[in-house]
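Listed here are the chains, written in short residue letters.
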Amino acid sequence: MIKVLFFAQLREVLGCANLELEANVRNIAELRAQLAQKGQSWQEFLASDKALVAVNQTLVNEDCALNSGDEVAFFPPVTGG
Amino acid sequence: MTNAPQQNHISVQQQDFDLAAEYQALTANNQSDGAVVHFVGLVRDNNLGRQVQALELEHYPAMTSKALSELVDEARQRWDLGRVRLIHRVGKLGLGEQIVFVGVTSKHRGSAFAACEFLMDQLKTRAPFWKKEHTQQGEHWIEARESDRVKAGDW
């Protein structure tokens, strides 16, 4: 299983804080594509130019490989400080 | 001793911090450093023309400490630093409240000034915090600024 988390505005527009799915995607790009099938807002707000992504708490790129047990987090560009 | 773990203090917390205590922690029994630079970020009352009443700060708890530690490690690779203290608050914050503290000591001022600014610039684009603004017109998430991204990329 892969655990997927959503934060801030992304969590609110998707109406979802976290979900789990089978580890049948090889990388982040494939995960985004699979999640985009969940609906219009998922397709729109999870686009790679809108949502950053971290795997096991480290920012990664689209080609980052995924394995069972990974924690993936999608979130908007950060605004702390 | 420069890279000893106790030379770093990183905290993500709801409660406020005390500047005098932070300064004390940076300087007590520290006679090798001649420079202290610190930065404090505050909640201001106006953002892009909107009257702000309060801010709400969300974060990704499992990632924030790790991300901040990595930034401090990077700063130590670039400059010879003594003590580094980094505090970021989360939760609901009223006008004028302290949000963030970055304090750095080094032998001379150049490294301390640079490392303090570096840490703030990187934190703004790489640490998983998000601000929601409460205004009279309602609440909304603050959008990331291109100028922050450019500034972080300049280092």
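See the structure printed just above.
Presented here is a report on the structure given in the accompanying data block. Fair warning: this is a prediction, and the values are worked out from it, not measured in the lab.

Criteria and cut-off values
- Residues numbered from 1 in each chain as written.
- Chains lettered and ligands numbered in written order.
- Predicted model: local features only at pLDDT ≥ 70, side-chain atom pairs only at ≥ 80, totals over all residues.
- Heavy atoms only, no water.
- Buried < 20%, exposed > 50% of the residue type's maximum accessible area, 1.4 Å probe, protein only.
- Helix = DSSP H or I, 4+ residues; strand = E, 2+ residues; numbered from the N terminus.
- Pairing = 2+ DSSP bridges.
- Phe/Tyr/Trp six-rings, centres within 6.5 Å; stacked < 30°, edge-to-face > 60°.
- Lys NZ or Arg CZ within 6 Å of the ring centre and 35° of its normal.
- Contact = heavy atoms within 4.5 Å.
- Buried area = accessible area lost by both parts, 1.4 Å probe.
- Salt bridge = Lys/Arg side-chain N within 4 Å of Asp/Glu carboxyl O.
- Polar contact = N/O pair within 3.5 Å; in protein donor to acceptor, adjacent residues only side chain to side chain.
- Nonpolar A, V, L, I, M, F, W, Y, C, P; charged D, E, K, R; others polar.

Some words on the pairing of strand β7 (residues 98–106) of chain B
Residue and element names in this part refer to chain B.
Next up, step 1: Where burial is concerned, most of β7 is hidden: nine out of the nine residues are buried.
Next up, step 2: In this sheet, β7 lies alongside strand β5 (residues 81–89) in antiparallel orientation, the contact comprising six bridges. Looking at the pairing, Leu 86 lines up with Val 102 of β7.

Notes on the packing of aromatic side chains
Next up, step 1: Applying the stated criterion to the full structure yields 10 aromatic pairs over all chains.
Next up, step 2: Linked through ring pairs, Phe 7 and Phe 75 of chain A together with Tyr 60 and Trp 130 of chain B together constitute an aromatic cluster.
Next up, step 3: Directly above the aromatic system of Trp 42 of chain A lies the positively charged group of Lys 38 of chain A, at a separation of 4.8 Å from the ring centroid.

Some points on the interface of chain B and chain A
The parts lose accessible area when they come together, and the size of an interface is often stated as this lost area.
Next up, step 1: Contacts between the two partners involve 26 residues from chain B and, on the opposite side, 20 residues from chain A.
Next up, step 2: Here chain B and chain A share an interface that buries about 1,900 Å² over both sides, 58% of which is from carbon and sulfur atoms.
Next up, step 3: On the chain B side of the interface with chain A, the three residues burying the most area are Tyr 60, Trp 130 and Trp 141 of chain B, jointly 35% of the side's total.
Next up, step 4: A salt bridge links Glu 12 of chain A to Lys 132 of chain B; the shortest N-O distance between them is 2.8 Å.
Next up, step 5: Where chain B meets chain A, there are 15 residue pairs in polar contact (both at pLDDT 80 or more).
Next up, step 6: The set of elements that each furnish at least two residues to the side of chain B that touches chain A consists of β4 (50–59), α2 (61–78), β7, α3 (109–126) and β8 (129–135) of chain B.
Next up, step 7: Of the residues in the side of chain B that touches chain A, the class split is 15 nonpolar, three polar and eight charged.

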